[in-house]
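An overview of the molecular structure
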Amino acid sequence: MLLPALQPAAAASASQQSEDNLVLLEVRLGNQLLSDAVSGYEIGRDVFLPLGEMARLLTLAIRVTPGEGRASGYIISESRGFSLDVPGGVADIAGRHEKLERSQFKLQSDEIYVASKVLARWLPVDLDLDMSSLALKVRPREQLPLQARLERRKHGSRPGAPGGYVDPGYPRLSAPYRLAGVPFIDQTIGLTAGNGGGRRQADASYTAYLTTDLLGMEAALYASSNRYDPSSGLRLTLGRNDPDAGLLGPLHARTALFGSVPLPGVNNISSSSPTGNGMVLSNRPLNQPTSFDRHSLQGALPPGWDVELYYNDALVGVRQSGPDGKYSFEDQPLAYGPNEFRLVFHGPLGQLRVERQSFLLEQSAVPRGALYYDLGAHRDGFGRRRAVAQFEWGMSEHLNATAGWQRVPTFDGAGRSYANLGLRGYWNSFIATADAARADDGGTLAQLGLKTRLGRVAVSASHARLDGFSSDFFHRGADPVRSRDEVRADGVLGAGGAQFFPLALQVRHDRLSSGTRNIEVQGRISAYRDGFALTNGLRWQRLGVNELADGQFQISRRVAGIGLTGQLQYRLSPDTALGAAAVSADYYLHSGYLLNLGLARTFKDRELRATGALNKSLGSYGLGINGYYSNRGEYGLGMQFFMAMGLEPRSGRMVTDAQPMANMGAASIRVFLDKDLNGVMDGADEAIAGAGFIVNGAYYAVRTDARGIGYLPRLLAYQHTDIGLDPNTLDDPQWQPRTPGVRILPRPGNVSQVEFAVNMTGEVDGTTYLYADGKRRAVGDLKLELVDASRKVVAMMTSAADGYFVIGGIFPGEYFLRVSPEQLKRLGLTDTGMHIITIARDGTVLNGRDLDVRAADGS
């Protein structure tokens, strides 16, 4: 997934409870993905789940009437009845009468949301909520109808993944770029006052991140200023991104940007450079790693936010928002097999968002005959010039060739140029690599590598020979590296059940020109249990005769209403010492207030710093107060105001929210009854209120208002999104959308405008008969076709055993109703004619349109 996935949400409204945090959950039953986007509400210390949607996913016979706050049906068997009356405060579960606590329910116009603990008590399932990955794991206490269906499909070898998303084939809806658009803005205003360095000081700061269309391109502007440094942060990026490679004509580019842009690194030569002013041009797929065996993750991060990175369920790092308003995890190594990255974002108001990226390294080969390129140049954050030109060509199905040139700055500021060549071979369960590089000063490098998988462990090994070669990875010195051997292993130790321990081990051996050997060993072990994610990383180095050993311990716990993060740095050799430690905790108080407390300790200079904050989301904006105190006598107090803003283009209404929205797209959807059948809302056409939508196969908690408009914010950028109109939410069963759905490509700061024209449809019924032996009798299993004026079959059905048929949902127009000619030919039958069917604009019901067939010989 990906889900698929990110965190779209319903439009904020003034009536929304401020303590509600809308989240989208991935729902799994074992290894079966039931849905990648079930909406829930994090309220206090629990998550409220949609009763109707959960019953549908688990195939339980429970019907919800959300407008009345009632539900009824049965669980597993009809003898175990289910009845819920939220306004009346009572429920009957399998004959057990239960009084309800109103705070355990949230009534919406489209659903009844129930606290997960209550829902798990009612239904025969245990619900494991993993808020660090926004995942809901369902563990049945008895067999569900869904499980029986899955078992039948398994035995019957039927293809497909029940509950998984299937591409519906919707037509694509383009969103033209504009000369100038109204931007989406994420902004933070802060006021601070305190005592630092023996003097009093006060400061006011403003930070904004804006995205919009500008000059026919995408524009992203980050601006930050404060009293002491008015130009403390400013970056602008212009360009386009297209996952379908439709940029710059014959270049078929997918990325074309200038302004503030990152540059990818090149193995053995240069590290990735996350920020700099310049330009990049690439046709590399947006859903592939940034380089062959390394991947960099970066993006916008508002003030007060932090992000955790998980790799194959191991916590590997934490980043906080910096002065440039970005986060960056550069050059994360990739292993043979699955590479699952999960970014978990935490906001100061308790906001939670998850992004997922997934790669199979063995499936990232360039297709035969294709050429991928990455071109770019910029001046990095230190003012140094960098440039890169990399090409990868699919020579055959199993062999790729690489070539490139780079310009990398050096410590003396002069810079150095490199040329490189390489081969990548993909055979069975192995990836073999051969690389060569030459610097402009004559230094050379040659390397052979191998990647594979042994059971549950991914293994990679490489050997490099150097001759006077130096780069970002091989430092120039009096005793340079002559050879380097590396081995890396990534795997998981499983203890059964929910316990697992991701492991990583890397050994590097350098032989220097003098014969001295340097050895470095890095290891990492992680664990996850009961909402706790723990990682301990160790490093041991022997540099000649000197030894060094140090480590870092990280912990994170995210459950509904409570958060905990901590880090500890320590040294084991040449002496034992603690370096620095930090811990912070979030706790929900009553009425939606979020309390944050933190402690940070640097042991060398004995400084202890305590921080505290009290924040509250008020739906359309957030407010907070914070303070700090240090044992050095420094202290301060501040206030912050958070607000994201965007414009709903149809109504001109300003949408505001405490959740950031600038780095995502949105959609404005209008649903109307198209009385004149022209597909445009005009004249006597009527807006349809209360219509709901299905987005990428998941039902969304968004309904159209009285103007027929529904607003879907926070759609993941540059990922195709299928939006369908849910016919079950239309008031009249004869209403049907002319187009069931569309596929859009969201982009930051842009609102895609979607129209769903709904028509009144008609139906026709009748009976199929067979003339044989001079008698006329009803006959079933005849395939019927409804054909429009262009001879296109628009509907098909098979008559019942008694010959009866009914075809509904027929749009206005003229059609022919006939028996399938192919079936007639196969059965040796002829028909006695077809019916002309006319459906009027206001819908027509035609009865008794019988069809007769007879044997071809006339008997």
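See the structure above.
Read on for a plain summary of the structure. Nothing here was measured: the structure is a model prediction, and the numbers come from that model.

Looking only at helices and strands, the protein chain has 4 helices and 62 strands in total. Compactness check: the protein chain gives a C-alpha radius of gyration of 31 Å against a globular reference of 29 Å for 859 residues, within 12% of the reference. Its C-alpha atoms give the protein chain principal-axis dimensions of roughly 105 × 65 × 55 Å. Out of the 859 residues belonging to the protein chain, those deemed buried represent 48%. The contacts in the protein chain between residues at least 6 apart in sequence include a share of 52% that link residues at least 24 apart. Counting only carbon and sulfur atoms, one obtains 55% of the accessible surface of the protein chain, whose full area is about 39900 Å². In the protein chain, the 90 positive side-chain charges and the 89 negative ones have mean positions that sit 5 Å from each other.

With that out of the way, let us pick up the nonpolar core. By size, the foremost hydrophobic cluster in this structure holds 54 residues, and its most contacted members are L58, F82, L84, W122 and L127. When residues in this core are grouped by element, the largest group, 5 residues, is from strand 1 (residues 20–29). Excluding residues within four positions of it along the chain, F82 makes contact with L51, I62, A71, S72, G73, Y74, I75, D92, I93 and W122. Counting 25 residues, the second largest nonpolar core, distinct from the first, contains L673, I688, A691 and A698.

Here we come to the packing of aromatic side chains. One pass over the full model with this rule turns up 10 aromatic pairs. An angle of 85° between the planes, with centres 5.0 Å apart, marks the rings of Y41 and Y113 as edge-to-face. With a gap of 72 residues between them, Y41 in strand 2 (residues 32–43) and Y113 in strand 10 (residues 112–115) connect regions that are remote in the sequence. Exposure class is identical for Y41 and Y113. Each is buried. Between the aromatic rings of Y327 and F329, the centroid separation amounts to 6.2 Å while the plane-to-plane angle is 55°, which identifies the pairing as tilted. For the pair Y327 and F329, a shared accessibility class is recorded, and that class is buried. One aromatic cluster is present, built from ring pairs that chain together F82, F105 and W122.

Note: strand 15 (residues 217–226) against strand 16 (residues 233–241), 7 bridges, orientation antiparallel. Within the sheet, the bridge partner assigned to A220 lies in strand 16 and is T237. In the sheet, strand 16 pairs with strand 17 (residues 255–260) via 5 bridges, with the strands oriented antiparallel. Note that in strand 17 the partner of N241 across the bridge is T255.

A word on the pattern of salt bridges. For the structure shown, the criterion picks out 42 salt bridges. Its salt-bridge partner being E634, residue R609 comes within 3.7 Å of it at the nearest N-O pair. Here the residue R609 occupies a position in strand 40 (residues 607–617), and E634 occupies one in the loop between strand 41 (622–630) and strand 42 (635–648), the gap between them amounting to 25 residues. Note on R609: relative accessible area 28%, which makes it partly exposed. A salt bridge links K675 to E686, with the shortest nitrogen-to-oxygen separation between them at 2.6 Å. Placement of the pair is K675 in the loop between strand 44 (665–673) and strand 45 (686–687) and E686 in strand 45, with a sequence separation of 11 residues. One continuous salt-bridge network, built from bridges that share partners, spans D605, E607, R609, R632 and E634.

Here the focus is the sheet that holds strand 20 (residues 306–311). Spatially, 21-20-23-24 is the arrangement adopted by the 4 strands of the open sheet, whose pairing is antiparallel. In the strand order of this sheet, the two ends are held by strand 21 (314–320) and strand 24 (352–360), each with one partner. Averaged over all adjacent pairs, the angle separating strand axes in this sheet is 15°, with direction ignored. Of the pairings in the sheet, the one linking strand 20 to strand 21 comprises 6 bridges and is antiparallel in character. In the sheet register, E308 faces strand 21, and the bridge partner there is V318.

Within the fold, A691 resides in the loop between strand 45 and strand 46 (692–695). We classify A691 as buried; its relative accessible area is 0%. With 619 residues separating them along the chain, A691 and S72 place their C-alpha atoms 23 Å apart. Sequence-distant contacts of A691, that is, excluding residues within four places in its chain, are made with V671, V702, R703, T704, L725, T729 and L730.

Turning to a positive patch on the surface, a few remarks are in order. Together, R465, R482, R511, R517 and R542 give the surface a local cluster of positive charge. Within the secondary structure, R517 sits in strand 34 (residues 517–529). Overall, R517 belongs to the partly exposed group, its relative accessible area being 40%.

Sheet architecture is open: 5 strands sit in the order 4-5-6-7-8, paired in antiparallel fashion. Edge positions in the sheet fall to strand 4 (61–65) and strand 8 (96–99), since each has one partner strand and no second. When strand polarity is set aside, the average angle formed by the axes of neighbouring strands in this sheet is 15°. By the bridge criterion, 4 bridges tie strand 6 (residues 77–85) to strand 7 (residues 90–93) in an arrangement that is antiparallel. Residue pairing across strands places F82 opposite I93, the latter belonging to strand 7.

Taken together, L191, I562, Y587, L589, Y593, L614, I625 and M639 make up a surface patch of nonpolar side chains, about 670 Å² in accessible area. Of note, Y587 is situated in strand 38 (residues 577–588). For Y587, a relative accessible area of 35% corresponds to the partly exposed category.

What follows is about the pairing of strand 5 (residues 70–75). Where strand 4 lies against strand 5, 5 bridges are found, and the strand directions are antiparallel. Directly across from A61, in strand 5, lies its bridge partner Y74. What sits between the antiparallel neighbours strand 4 and strand 5 is a turn of 4 residues, in which G69 has the positive phi angle 70°. Inspection of the sheet shows strand 5 paired to strand 6 by 6 bridges, in the antiparallel sense. Opposite G73, over in strand 6, you have F82 as the bridge partner. The turn linking strand 5 back onto strand 6 is made up of 1 residue, and I76 within it adopts a positive phi angle of 70°.

Once that is clear, we can look at unusual backbone geometry. The omega angle of the peptide bond from S573 to P574 is 10°, so this bond is cis rather than trans. By the secondary structure assignment, P574 is in the loop between strand 37 (562–573) and strand 38. Phi is positive for H252, which is not a glycine, with a value near 50°. In this structure, H252 sits in the loop between strand 16 and strand 17.

Criteria and thresholds
Residues numbered from 1 in each chain as written. Predicted model: local features only at pLDDT ≥ 70, side-chain atom pairs only at ≥ 80, totals over all residues. Heavy atoms only, no water. Helix = DSSP H or I, 4+ residues; strand = E, 2+ residues; numbered from the N terminus. Rg over C-alpha atoms; globule rule 2.2 N^0.38 Å. Buried < 20%, exposed > 50% of the residue type's maximum accessible area, 1.4 Å probe, protein only. Contact = heavy atoms within 4.5 Å. Areas by Shrake-Rupley, 256 points an atom, 1.4 Å probe, with all protein chains shown as cover. Lys, Arg positive; Asp, Glu negative; His and termini not counted. Charge placed at Lys NZ, Arg CZ, Asp CG, Glu CD. Core = buried A, V, L, I, M, F, W, Y, C linked by side-chain atoms within 4.5 Å. Phe/Tyr/Trp six-rings, centres within 6.5 Å; stacked < 30°, edge-to-face > 60°. Pairing = 2+ DSSP bridges. Salt bridge = Lys/Arg side-chain N within 4 Å of Asp/Glu carboxyl O. Axes fitted to C-alpha atoms, helices over the stretch in contact; angles between N-to-C directions. Patch = residues over 30% accessible without salt bridge, like charges linked within 9 Å, V, L, I, M, F, W, Y side chains within 5 Å.

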